[in-house]
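Chain by chain, the residues run as shown.
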Amino acid sequence: MMKTSADHAVRPCGMTRAQWAVLSKVERFEGLKQTELADMLDIQPITLTRLIDRLCDAKLLERRPDPDDRRAKRLYLLPAAKPILDRLWPIGNDLMASVCAGIDDADLARTIGHLTLMRDNLRQLIEQRTSASAEDDKLHA
C-alpha cells in the first residue's frame, strides 16, 4: 500500500516511486556504483539498469566510469534533478506523516528498529543460502 500511495503522490511530478527512490539514494550517496544501489534498493540489477537508463535519458542522472574498476559505473545527479527532488521531499514528508499518524515517536523508533533487524536477518539468511548453494555447485561440478 505504501508503494501504491507513493506512486500516486509522485505521478504529478512525472516520476514513479522507483525513479524517486533511485534519485534520492544517489542524492544521499553520490558516486554509488550501480551494484551498490541495487543492493540498497533491494532490486535486481537489470531492473535498476532500466530505471537508470530512463533517468539518464531524462538528463537527471549520469553514469561515470569508476576510476578503480573499468567494468563499474558510478552514478551522479545532474543539475536538472535538484528541482525535482526539491518537489519530492515535501511529498515524501507528508506521506510519511500520514502513514505514521497516531504513532508516538518512541513506538515508531522501536518499529523501525524491529523492521531493520528483520530485514538484516533476511539478508543474512539469503547470503547463507546463496553461499551454501555455491558450495553445493562446486561439489557437484
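What counts as what
- Residues numbered from 1 in each chain as written.
- Predicted model: local features only at pLDDT ≥ 70, side-chain atom pairs only at ≥ 80, totals over all residues.
- Heavy atoms only, no water.
- Phe/Tyr/Trp six-rings, centres within 6.5 Å; stacked < 30°, edge-to-face > 60°.
- Lys NZ or Arg CZ within 6 Å of the ring centre and 35° of its normal.
- Pairing = 2+ DSSP bridges.
- Helix = DSSP H or I, 4+ residues; strand = E, 2+ residues; numbered from the N terminus.
- Core = buried A, V, L, I, M, F, W, Y, C linked by side-chain atoms within 4.5 Å.
- Buried < 20%, exposed > 50% of the residue type's maximum accessible area, 1.4 Å probe, protein only.
- Contact = heavy atoms within 4.5 Å.
- Expected span 1.5 Å × (residues − 1).
- Axes fitted to C-alpha atoms, helices over the stretch in contact; angles between N-to-C directions.
- Left-handed = near helix turned anticlockwise from the far one by under 90°.
- Nonpolar A, V, L, I, M, F, W, Y, C, P; charged D, E, K, R; others polar.
- Salt bridge = Lys/Arg side-chain N within 4 Å of Asp/Glu carboxyl O.
- Parallel < 35°, antiparallel > 145°, perpendicular 65-115°, else oblique.

(A) Spotlight on the packing of aromatic side chains. Considering all chains together, one arrives at zero aromatic pairs under this definition. Across from the ring centre of Tyr76, 3.9 Å away, lies the NZ or CZ of Arg64, which sits over that ring.

(B) Structural detail: the pairing of strand β1 (residues 61-66). Taken together, the six bridges between β1 and strand β2 (residues 69-77) define a ladder with antiparallel strand orientation. By the bridge assignment, Arg64 is partnered in β2 with Arg74. Here β1 hands over to β2 after two residues, the two strands then running antiparallel side by side.

(C) Main features of the nonpolar core. If you look at the biggest cluster of nonpolar residues, it comprises 26 residues, and the most contacted ones within it are Met15, Val22, Leu23, Leu37, Leu61 and Leu88. Taken together, the elements giving at least two residues each to this core come down to α1 (2-10), α2 (17-28), α3 (34-41), α4 (45-57), β2 and α5 (81-99).

(D) Local environment of the environment of Gly31. Mapped onto the fold, Gly31 is located in the loop between α2 and α3. Judged by relative accessible area, Gly31 falls into the buried class, the value being 9%. C-alpha of Gly31 to C-alpha of Asp68: the two residues are 37 residues apart in sequence and 13 Å apart in space. Leaving out residues up to four positions away in the same chain, Gly31 has contacts with Arg74, Leu75 and Tyr76.

(E) Expanded view of α5. Taking 1.5 Å as the rise per residue, α5 with 19 residues should run 27 Å; its terminal C-alpha atoms sit 26 Å apart, in good agreement. Three or more residues of α5 are buried, namely Ala81, Ile84, Leu85, Leu88, Gly92 and Leu95. The inward-facing, buried residues of α5 abut α1, α2 and β2.

(F) Structural context of the packing of α1 against α5. It is the contact of α1 with α5, at a shortest axis distance of 10 Å, that shows an interaxial angle of 145 degrees. As for how α1 packs across α5, the hand of that crossing is right-handed. Only Leu88, Ile91, Leu95, Met96 and Val99 of α5 make contact with α1, whose side of the interface consists of Met2, Ser5, Ala6, Ala9 and Val10. Taken together, the residues of the contact of α1 with α5 sort by class into nine nonpolar, one polar and no charged.

(G) Representation of the pattern of salt bridges in the model. Throughout the structure, instances matching the rule amount to eight salt bridges. We note a salt bridge from Lys33 to Asp66, for which the minimum N-O separation is 3.9 Å. Here Asp66 lies in strand β1 and Lys33 lies in the loop between α2 and α3, a separation of 33 residues in the sequence. Its relative accessible area of 5% is what places Asp66 among the buried residues.

(H) Fine view of the side chain of Gln19. Residue position: Gln19 is located in helix α2. Residues contacting Gln19, with those up to four places away along its chain left out, are Gly14, Leu51, Arg54 and Leu55.

(I) Seen up close, the packing of α2 against α4. Between α2 and α4, whose axes approach to 10 Å, the crossing angle comes to 80 degrees. Here α2 is positioned roughly perpendicular relative to α4, judged by the angle of their axes. Contacts between α2 and α4 involve Ala18, Gln19, Val22 and Leu23 from the first element and Leu48, Leu51, Ile52, Arg54 and Leu55 from the second. Looking at the contact of α2 with α4 residue by residue, the classes come out as seven nonpolar, one polar and one charged.

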